[in-house]
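# Structure at a glance
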Amino acid sequence: MNRKAKRKNKNVAIAKSRQWLDLPEEIWENILKRLGAIEILENAQKVCTMWRRVFKDPFMWRVIDISNCRGLSDSNHFQKICSHAVDCSQGELVDIRLAFFATKESLAYVAERSRKLKRLSIAWCHSKLVPEVLVEVFQKLPLLEELSLTDTAITIKGIEALGRFCPRLKSFELKNVVSYNIKSVGKRNDEALSIAKNLPALHHLELIGNSMTNVGLGAILDGCPNLVLRDLRGCFNVRLDKVLSSRISQQIKDVKYPRDSLAGHNF
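These numbers were taken from a predicted model, which means no experiment stands behind them. Counting restarts for each chain, with residues numbered from 1 along the sequence as it is written. For a predicted model such as this one, the threshold for reporting local features is a pLDDT of at least 70, and the threshold for listing and counting side-chain atom pairs is 80 or more; totals across whole chains, interfaces and linings nevertheless cover every residue. The basis for every side-chain value is the complete set of heavy atoms in the structure, and neither hydrogens nor water enter the calculation.

## What to know about the pattern of salt bridges
- The working definition used for a salt bridge is a side-chain nitrogen of Lys or Arg within 4 Å of a carboxyl oxygen of Asp or Glu. Enumeration over the complete set of coordinates arrives at 10 salt bridges.
- Of the charged contacts, one joins Glu-112 and Lys-140 as a salt bridge, the two residues approaching to 2.7 Å between their closest N and O atoms. In this pair, Glu-112 is assigned in helix H6 (residues 104-113) and Lys-140 in the loop between helix H7 (133-138) and strand E4 (146-150), connecting sequence segments 28 residues apart.
- Only protein chains enter the calculation, and the probe is 1.4 Å; a residue is then buried if its accessible area is under 20% of its type maximum, exposed if over 50%, and partly exposed in between. Residue Glu-112 is classed as partly exposed on the basis of its relative accessible area, which comes to 38%.
- For the salt bridge of Arg-247 with Asp-222, the shortest nitrogen-to-oxygen distance reads 2.6 Å. Here the residue Arg-247 occupies a position in helix H11 (residues 242-251), and Asp-222 occupies one in helix H10 (residues 214-223), the gap between them amounting to 25 residues.
- The exposure class assigned to Arg-247 is partly exposed, which follows from its relative accessible area of 23%.
- You can call Asp-222 exposed: its relative accessible area is 53%. In this text, helices come from DSSP runs of H or I with a minimum length of four residues, and strands from runs of E with a minimum of two, each type numbered from the N-terminal end.

## Things to note about a positive patch on the surface
- On the surface, Arg-62, Lys-118, Arg-168 and Lys-170 cluster together into a positively charged patch.
- Position of Lys-170 among the secondary structure elements: in the loop between helix H8 (156-165) and strand E5 (171-175).
- Taking relative accessible area as the criterion, Lys-170 reaches 33% and is therefore assigned partly exposed. Patch members must show over 30% relative accessible area and no salt bridge, and they are joined within 9 Å when carrying like charges or within 5 Å when they are nonpolar side chains of Val, Leu, Ile, Met, Phe, Trp or Tyr. Method for areas: the Shrake-Rupley scheme with a 1.4 Å probe, in which residue coverage is limited to the protein chains shown. The charged-residue count follows a simple rule in which Lys and Arg add positive charge and Asp and Glu add negative charge, with His and chain termini not counted at all. Charge placement uses NZ in Lys and CZ in Arg. For Asp and Glu, CG and CD serve respectively.

## Here we look at the packing of aromatic side chains
- Note on aromatic contacts: the rings of Phe and Tyr and the six-membered ring of Trp form a pair at centre separations within 6.5 Å, being stacked when their planes are under 30 degrees apart, edge-to-face when over 60 apart, and tilted otherwise. A full pass over the atoms with the stated rule returns two aromatic pairs.
- Between Phe-78 and Phe-101, the aromatic rings sit 6.2 Å apart at their centres with planes inclined by 45 degrees, giving tilted as the arrangement. With a gap of 23 residues between them, Phe-78 in helix H5 (residues 75-89) and Phe-101 in the loop between strand E2 (95-99) and H6 connect regions that are remote in the sequence. Both residues of the pair, Phe-78 and Phe-101, belong to the buried class.
- Seen from their ring centres, Phe-100 and Trp-124 are 6.4 Å apart, and the 20 degrees between their planes marks the pair as stacked. On the criterion of sequence distance, the pair formed by Phe-100 in the loop between E2 and H6 and Trp-124 in the loop between strand E3 (119-123) and H7 is long-range, its members being 24 residues apart.
- Counting as a charge over the ring demands two things of the Lys NZ or Arg CZ atom: a distance within 6 Å of the ring centre and an angle within 35 degrees of the ring normal. Here the basic side chain of Arg-113 rests over the ring of Tyr-109, its NZ or CZ set 3.7 Å away from the ring centre.

Next up, the structure:
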């Protein structure tokens, strides 16, 4: 290829890149908001001036996803990313997803500065997160509507606090995926009984891998009359008889049973 042709190809490539850069900011916002917080803070905001300007808009940070922790070295690095992202939201945060490195400090930071939060998801934090901290967190989240805990513990006091301080809660997911929720015979229904007593307004409930028995399931059917979806997968202490099966079919539209497959479930 001669020099003139190479120059022409280079000019075409530059023109095409400028066409991308000339896209309206609202289109860039729609594209860039699909990135996770780590990708944005570590890489994307450094690409160009326009992208930095887009990421200064607090509404770009209404949803924060720090569930993909590849590239994070430890909990201190996680805390730095989490704090920076929450600061960028300037109080507009409504949905946050945390995984692996969530600690008492990071959750306290989120709760203190995110009073509009409606959805909170925490996953794979058994070893990092002291479950008692959730009691303090729930006190600061009166607008919370959805809570998802995957392999992350919650105490009975935590469930009680959830009912007391989060009156708008409609969805609760408590999923034990890596290890079955093993408890002594006398405590197998503690979580289920507490949910039935404290969260009567629930519409969506997932208790994957829970230790409850028919007693706990019956209490939930009595205490949560508005349930539309109920996930019992992995609840192997539940033995569905005709009475329970009939009640479930009458009260709940969408049911996943203890031995149904978890394939395709989004954790």
